[in-house]
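Each chain, letter by letter, is given below.
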Amino acid sequence: MPAPDQDLILTARNLSVRFGRLARPAVENVSFDLRAERLGIVGESGSGKSTLGRAIMRLLPSIGRASADELMFDGMPLLSTTEKQMRKLRGNRMALIMQDPRYSLNPVLPIGKQVAEAALLHLPVSKAKAYELARGMLERVRIADIERTMKLYPHQISGGMGQRVMIAMMLLAKPRMVIADEPTSALDVSVRGDVLKLLDELVRENDAGLILISHDIRMVAAFCERIMVMYKGRVVEILTSLDEAQHPYTRGLIAAMPDLHAPVHRLKILDRTAIDALEPRP
Amino acid sequence: MIPTPPMIDVQELSVSFGNGASARQVVKNVSFSVAKGETLGIVGESGCGKSTVLRSLAGLDRHWNGRINLAGTDVDKVRTRDQMLLTQMVFQDPYGSLHPRHRISRVLTEPIRAMGLGKGWDKVDAALQQVGLPVSFADRFPHQLSGGQRQRVAIARALMLQPQIILLDEPTSALDVSVQAEVLNLLADLKDERQLTYVLVSHDLGVIAHMCDRVLVMKGGVFVDALSREDLYEGRTHNDYSRMLFEASAL
């Protein structure tokens, strides 16, 4: 038996998710490894990419059931971990950043208090020290005028700033793995790049693994080392660059995006009959 | 080129919200014109006033100042029936812009009834077919349709009164990439077919560059840059802000 790989952060073997009594699983037999790297997951809506992220965090709604031959995070079998232990892991060793900061931040607490709360929950620190950590972390995510911002409520700050606050909160405990589910979709184009760069910088600093879930295949390709393409719950391809794309679904996704540098008169649309011929689904 | 009068001619348009000391000017004296059959794009960040310009053109906002000329006639702040027939708007979110308890046939005939032009039930089939939807969808409710199908219904509704100008406010940003391509192709086909004039507002430069003949970059209520199609393909910009926007999109 080979020695356990110390760099391995997450191992998933044949991970499936079913909702209720539906015949077709939402996620079917997904296997992958995550090291200290950036892994992108792309697909259309309904392809199961967000469900996969939530299954790893064990945040599925009660109607959803995850099963796997193996789902190990940092030496812990996630599927047999108790809910109490999971609560200790989430936000501490593993973090989830969601799409819209307007919904994921608590609207009735000031920013400073929310970030400090993350420190109080996960680190053995005093209240004063927690606020100090929060201040330092907000500085790291380049928020100007920290003292003023810490007193503001989420509705008083912009979307880009909100997402940076989320990142500060999530990375404060230096997690081993960060799952970012469409972290920039709700943001303006001009701040997207900044948020991604910041996320990358902090994740690298902690030597952590990042899973970036998005529908924007070019953005993922520019940012991630490996790209996992999902279609109807299954992984159809794992790529290291877009040029390698073989599957008609991946090629269709790339061609469907208008490209600034390669203008076409008509955009290509997905040839679903050809894809379904290759990927038969009940 | 035959010198035809522009389809849309806007002079010194400004829009303010609020009164007295708290008044905030959102659109500051902008002027532009769009020729018949042209597609004009407006890009900018949230809050730059691009949607407000569109709402003033559509007649949804009435507190603008300046001059708006559509198809050769100056329009009033409160539109007459004939002026209302000139423009139609397609909104960003097809989940919010269709009445959840009205069947598609009723959604589509609403503009005809609102204008007092009869009942319009006989026009439903043709309207669905022209946007590539099966006729049987007429009896469905919006929740029985996917996002892309709903946006097609919204486009069909905008075409019901055969306007010459279609105003598109982020028509694809709520849709998937693959569905976005279908809707953009549909819009391009309809434009070729009916000689429509489009004004497209978006923050996605990729979409704008694909659809538009000319692009205006908006920031803080004014246009800071105007780009032609060639400028976009070659990445030429004339302003620091538009360069920044361009580089951020080309990520």
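Note that the structure is a prediction, hence the values are computed from the model and not measured.

1. Description of the confidence of the model for chain B
On average, chain B scores 89 in pLDDT, and the residues at 70 or more come to 98%. Here the predicted complex carries an ipTM of 0.76, next to a pTM of 0.84.

2. Concerning the sheet that holds strand β4 (residues 64-70) of chain B
All names here are of chain B. The four strands are arranged β2-β1-β4-β5 in an open sheet whose pairing can be described as antiparallel. What marks the edges here is a single partner per strand, and that holds for β2 (24-34) and β5 (73-74). Bridge count for strand β1 (residues 8-17) against β2 is seven bridges, and the pairing is antiparallel. Bridged to isoleucine 8 within β2 is valine 34. Most of the contacts of helix α1 (residues 50-58) go to β1, to which it runs at about 115°, and overall it touches β1, β2 and β4.

3. Focus on the interface of chain B and chain A
Opposite the 24 residues of chain B that make contact, chain A presents 23 residues. Looking at the side of chain B that touches chain A, the elements that each hand over two or more residues are α6 (177-194), α7 (205-211), α8 (229-234) and α9 (240-249) of chain B. Counting residues per element, the side of chain B that touches chain A draws most heavily on α6(B), at seven residues. Looking at the side of chain B that touches chain A residue by residue, the class counts come to 14 nonpolar, seven polar and three charged.

4. Details of the sheet that holds strand β9 (residues 209-214) of chain A
All names here are of chain A. Across the sheet, six strands lie side by side as β7-β8-β9-β3-β10-β11; this open sheet has mixed pairing. Each of the sheet's edge strands pairs with one partner strand only, and the pair in question is β7 (94-97) and β11 (234-239). Here the strands of the sheet are splayed against their neighbours by 20° on average, with no regard to which way each runs. Pairing of strand β3 (residues 38-42) with β9, which is carried by five bridges, proceeds in the parallel orientation.

Thresholds applied
- Residues numbered from 1 in each chain as written.
- Chains lettered and ligands numbered in written order.
- Predicted model: local features only at pLDDT ≥ 70, side-chain atom pairs only at ≥ 80, totals over all residues.
- pLDDT = per-residue confidence, 0-100.
- Pairing = 2+ DSSP bridges.
- Helix = DSSP H or I, 4+ residues; strand = E, 2+ residues; numbered from the N terminus.
- Contact = placed C-beta atoms within 7 Å.
- Axes fitted to C-alpha atoms, helices over the stretch in contact; angles between N-to-C directions.
- Nonpolar A, V, L, I, M, F, W, Y, C, P; charged D, E, K, R; others polar.

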